[in-house]
Amino acid sequence: MDRRTFLSRVTIALSGAIAGLVGVPIVGYLIAPLFEREPDAYVPVGDASRFGAGTTTLVQFDDPSPLAWAGQTAKTALWVRGVSATSFQVFNVNCTHLGCPVDWRAGANLFLCPCHGGVYYEDGTVAGGPPPRRLFEREWRVSGGVLFVKTQRLPTPGGSSP
């Protein structure tokens, strides 16, 4: 083997080793969130007495996200419907058609999606329009007079229900 061939092979081997040393941690950092289990965290959204029977209220909170780059997407909102003094329904604010935010119309007792004409009854079932399924609900609990809502990843429109 002549000198030129030897140096060429050494250069290729060193370049591959350096690429591996730099590339493996970067790839690991990018795909690690795909394998992390979401924490079962409940966040407080307000005093339970604030959500009286027959009322529907928009609440906003910071969703604790495991992704460091979540930024503004970690700020989210929910619709809380008081069914009775001790029972609630908590809906994601997003339409199940394409994820647009729905608006509550108290006079009609309907959730409306202004983008594509989706309509939902007050219990989250589809009243009309293109949505394929009811509004997504979140788990909740009351502790010490405060309503807590379970954080979870937003389901993708058209995907399976969580």
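Please read these numbers as outputs of a predicted model, since none were measured by experiment.

1. Some words on helix α1 (residues 3-35)
Here's step 1: For α1, built from 33 residues, the straight-helix expectation of 48 Å at 1.5 Å per residue is met to within 8% by its first-to-last C-alpha distance of 47 Å.
Here's step 2: Taken as a whole, α1 carries its principal kink of about 35° at Y29; the proline P33 stands between one and four residues after it.

2. As for the packing of aromatic side chains
Here's step 1: One pass over the structure, following the stated rule, counts five aromatic pairs.
Here's step 2: Ring geometry for F91 against F111: centres 5.5 Å apart, planes inclined by 70°, an arrangement best described as edge-to-face. With F91 in strand β4 (residues 88-92) and F111 in strand β6 (residues 110-112), this pair connects stretches of sequence that are 20 residues apart.
Here's step 3: Ring centres of W104 and F111 lie 4.8 Å apart, and the angle between their planes is 55°; this geometry places the pair in the tilted category. Accessibility classification places W104 together with F111 in one group, the buried group.
Here's step 4: Linked through ring pairs, W79, F91, W104 and F111 together constitute an aromatic cluster.
Here's step 5: Lying across the ring of Y42, R141 places its NZ or CZ 4.1 Å from the centre.

Definitions and limits used
Residues numbered from 1 in each chain as written. Predicted model: local features only at pLDDT ≥ 70, side-chain atom pairs only at ≥ 80, totals over all residues. Heavy atoms only, no water. Helix = DSSP H or I, 4+ residues; strand = E, 2+ residues; numbered from the N terminus. Expected span 1.5 Å × (residues − 1). Bend = angle between axes of the 7 residues up to and from the residue. Phe/Tyr/Trp six-rings, centres within 6.5 Å; stacked < 30°, edge-to-face > 60°. Buried < 20%, exposed > 50% of the residue type's maximum accessible area, 1.4 Å probe, protein only. Lys NZ or Arg CZ within 6 Å of the ring centre and 35° of its normal.

Shape descriptors only; they carry no functional weight alone.
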